[in-house]
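Coordinates in review
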Amino acid sequence: DFAKDWFYFNGSCYRAYNTQLSWFYARAACLENGGDLLSINSDGEQQFVYRRMAVNKTFWIGLVKDQSSKNFHWSKGEELAYLNWISHPDISGPEDCGEMTDYGSYHGEWNDKRCSIKQPYICEKG
């Protein structure tokens, strides 16, 4: 059910979990393991995670919409310094959480989705 290993890259450890959870339960599972949902701050980090864990898969990552500003940020609180959206998310829509997907021609790009949908997720810890 679980991915076997944590992978190390540039100061962080990453692990993909195949358990299907809603975004908030996925984040709780990461927090219980001493981490948080994945936040991506560079193209190098994006490519590492995609190639190592996310080819042909879709995972929750730490993208979540701030309900007051309606902008996405990382669950750890960081602003989005690096962007990899399929298309810029509809800030007024109901899709308040973010995933990394390898659907069709989207090779690890990000998409906004309803938080209640259950799917696998990636945790990151320092």
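**Describing helix H1 (residues 23-32)**
Turning to H1, its buried residues are Trp23, Ala26, Ala29 and Cys30. Buried residues in H1, looked at end-on, bunch into an arc of 120°, giving them a common side. In H1, those exposed residues whose orientation departs by more than 90 degrees from the buried face are Phe24, Tyr25 and Glu32. Where H1 is buried, its residues contact strand S2 (12-21), strand S3 (36-37), strand S4 (58-65), strand S6 (97-101) and strand S8 (119-125).

**Considerations on the environment of Tyr17**
Structurally, the position occupied by Tyr17 is in strand S2. Here Tyr17 falls in the buried class, since its relative accessible area comes to 3%.

**With respect to the nonpolar core**
Membership of the largest hydrophobic core comes to 20 residues, with the highest contact counts inside it found for Leu38, Ile40, Ile61, Leu63, Met100 and Trp110. Looking at which element gives the most residues to this core, the answer is helix H2 (residues 43-54), with 5 residues. Membership of the second largest hydrophobic core comes to 12 residues, among which are Tyr17, Ala29, Cys30 and Leu37.

**Here we look at the packing of aromatic side chains**
This model, assessed by the stated rule, comprises 8 aromatic pairs. A ring pair is formed by Phe9 and Phe48, whose centres lie 4.6 Å apart and whose planes are at 15°; its orientation type is stacked. Taken together, the residues span a long stretch of sequence, with Phe9 in strand S1 (residues 7-9) and Phe48 in helix H2 at a distance of 39 residues. Taking relative accessible area as the criterion, Phe48 reaches 14% and is therefore assigned buried. Measuring from centroid to centroid gives 5.1 Å for Tyr17 and Tyr121, while their planes differ by 15°, and the two rings are stacked.

**What to know about the pattern of salt bridges**
Taken as a whole, this structure holds 3 salt bridges when the rule is applied. Here Asp96 and Lys65 are joined by a salt bridge, their closest N and O atoms 3.0 Å apart. Here Asp96, found in the loop between strand S5 (72-74) and S6, pairs with Lys65, found in strand S4; they are 31 residues apart in sequence, far enough to count as distant. One exposure class covers both Asp96 and Lys65, and it is buried.

**Considerations on the state of the cysteines**
Taken as a whole, this structure holds 2 disulfides when the rule is applied. With a sulfur-sulfur separation of 2.0 Å, Cys30 is cross-linked through a disulfide to Cys123. The S-S bond linking Cys30 to Cys123 shows a torsion near -85°; that makes this disulfide left-handed. Remark: Cys123 occurs in strand S8 and Cys30 occurs in helix H1; sequence separation between them is 93 residues. The exposure class of Cys123 is buried, given its relative accessible area of 0%. At a sulfur-sulfur separation of 2.1 Å, the disulfide partner of Cys97 is Cys115.

Quick notes on the rules
Residues numbered from 1 in each chain as written. Predicted model: local features only at pLDDT ≥ 70, side-chain atom pairs only at ≥ 80, totals over all residues. Heavy atoms only, no water. Buried < 20%, exposed > 50% of the residue type's maximum accessible area, 1.4 Å probe, protein only. Helix = DSSP H or I, 4+ residues; strand = E, 2+ residues; numbered from the N terminus. Arc of directions from axis to C-beta. Contact = heavy atoms within 4.5 Å. Core = buried A, V, L, I, M, F, W, Y, C linked by side-chain atoms within 4.5 Å. Phe/Tyr/Trp six-rings, centres within 6.5 Å; stacked < 30°, edge-to-face > 60°. Salt bridge = Lys/Arg side-chain N within 4 Å of Asp/Glu carboxyl O. Disulfide = S-S within 2.5 Å.

As far as function goes, none of this settles anything; it's purely spatial.
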